[in-house]
Amino acid sequence: MVLSTVPLLAQQGIEPTPMSFPWYLRSQYFIDGWTNTSIWRAALVELVATSLQVYLSGQIRITLMNYQIIQLATYVGIYASLLLAIFIYATAPASGGHLNPTITSSGHLWQEACCWDLGAENVPSHIFRVLLQVLNAVN
C-alpha cells in the first residue's frame, strides 16, 4: 500500500519521507509504540479508574434506592458529577484523564487534523485506551 504512493510522489517531484504519507499508511505505527510501557500503564490506569467509577456509581445508586429517596435524579446528577471530577483529577497525571472513549477518540482525531506529529506511540496509545474503556463499558 505504501509502495504504490512512492511513484506518485516522485512524479510530483516530492521526496518521499515518512511524513509524506498519511498517518494510517506509515509503517512505524504498526511497529513502534506497542512495547512502550507508558502506554500500557496509561491504559491500565484508565481501566482501573473506569471500573472503580462504575462500581462506586452503582453502589451509591443502590444505597439511595434502598433509602427510597424520591428525588433520585437530583442525587444521581450530583454524585455522578463529583465522581467524574474526582476520577479525572486522579488519573490526569498518569494517563491524561480520558475516561470516555469519545473524548479519547476526539482528542486523537484533533491531534491528527492539526498535523501535530506526536510520534508512533499515538496510535497504539489510542487503540489501547479505547479498547480498555469499551471493555469496561461491557462490564
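Residues numbered from 1 in each chain as written. Predicted model: local features only at pLDDT ≥ 70, side-chain atom pairs only at ≥ 80, totals over all residues. Heavy atoms only, no water.

Trainee: I would appreciate a short explanation of the environment of leucine 44 in the present structure.
Mentor: Residue placement: leucine 44 occurs in helix α3 (residues 37-66). Between the alpha carbons of leucine 44 and alanine 94 there is a distance of 9.9 Å; along the sequence they are 50 residues apart. (Helix = DSSP H or I, 4+ residues; strand = E, 2+ residues; numbered from the N terminus.)

Trainee: Teacher, can you tell me more about helix α4 (residues 72-95) here?
Mentor: Residues lying three or four places apart along an α-helix face the same way, a consequence of the helix completing one turn every 3.6 residues. Given a rise of 1.5 Å per residue, 24 residues ought to cover 34 Å, and the 32 Å separating the end C-alpha atoms of α4 matches this to within 8%. Every buried residue of α4 is listed here: Tyr79, Leu83, Phe87, Thr91 and Ser95. Contact partners of the buried residues in α4: α3 and α6 (122-138). With its phi angle positive at about 95°, glycine 96 sits one or two positions after the end of α4. (Expected span 1.5 Å × (residues − 1). Buried < 20%, exposed > 50% of the residue type's maximum accessible area, 1.4 Å probe, protein only. Contact = heavy atoms within 4.5 Å.)

Trainee: Please explain the side chain of threonine 91 as it appears in this structure.
Mentor: For threonine 91, the position within the fold is in helix α4. Leave out the neighbours within four places in its chain, and threonine 91 touches Val45, Ala49, Gly96, Gly97 and Leu99.

Trainee: Quick question: what am I supposed to make of the nonpolar core here?
Mentor: Ala49, Leu64, Tyr79, Leu83, Phe87 and Leu99 form the largest nonpolar core, which has six residues in total. Listed by contribution, the elements that provide at least two residues to this core are α3 and α4. With three residues, the single largest contributor to this core is α4. Those residues within four positions of leucine 83 in sequence are excluded, and the remaining contacts are Gln53, Leu56, Ser57 and Ile60. (Core = buried A, V, L, I, M, F, W, Y, C linked by side-chain atoms within 4.5 Å.)

Trainee: Whenever I open this one, α3 confuses me. Can you help?
Mentor: In a regular helix each residue adds 1.5 Å, so 30 residues correspond to 44 Å; α3 covers 43 Å between its end C-alpha atoms and thus fits that length. Among all positions in α3, only Ile39, Ala42, Ala43, Glu46, Ala49, Thr50, Gln53 and Leu64 are buried. The inward-facing, buried residues of α3 abut α4 and α6. Downstream of α3 by a residue or two, glutamine 68 has a phi angle that is positive, lying close to 55°.

Trainee: How should I be thinking about the packing of aromatic side chains in this particular structure?
Mentor: Describing an aromatic ring pair means giving the distance of the ring centres and the angle of the ring planes. Counted by the stated rule, this structure contains one aromatic pair. With a centroid separation of 4.4 Å and 45° between ring planes, the pair formed by tryptophan 40 and phenylalanine 128 is classed as tilted. Taken as a pair, tryptophan 40 in helix α3 and phenylalanine 128 in helix α6 lie far apart in primary sequence, 88 residues in all. (Phe/Tyr/Trp six-rings, centres within 6.5 Å; stacked < 30°, edge-to-face > 60°.)

Trainee: I keep staring at the packing of α3 against α4 and nothing clicks. Help me out?
Mentor: Relative orientation and spacing of two packed helices are given, respectively, by the angle between their axes and the distance between those axes. The geometry of α3 relative to α4 is characterised by a closest axis approach of 10 Å and an angle of 160° between their N-to-C directions. The angle between α3 and α4 places the two elements in the roughly antiparallel class. Our pair here, α3 against α4, has a crossing hand that is right-handed. When the residues that make up the contact of α3 with α4 are grouped by side-chain class, the tally is 15 nonpolar, four polar and three charged. (Axes fitted to C-alpha atoms, helices over the stretch in contact; angles between N-to-C directions. Parallel < 35°, antiparallel > 145°, perpendicular 65-115°, else oblique. Left-handed = near helix turned anticlockwise from the far one by under 90°. Nonpolar A, V, L, I, M, F, W, Y, C, P; charged D, E, K, R; others polar.)

Trainee: Is there a simple way to explain the packing of α3 against α6 in this structure?
Mentor: Between α3 and α6, the shortest axis-to-axis distance is 9 Å and the interhelical angle comes to 20°. Relative to α6, the element α3 lies roughly parallel. α6 is crossed by α3, and the crossing has right-handed handedness. Residues Ile39, Trp40, Ala42, Ala43, Leu44, Glu46, Leu47, Thr50 and Ser51 of α3 lie in contact with α6, whose contacting residues are Pro124, Ser125, Phe128, Arg129, Leu132, Gln133, Leu135 and Asn136. For the contact of α3 with α6, a count of residues per class yields ten nonpolar, five polar and two charged.

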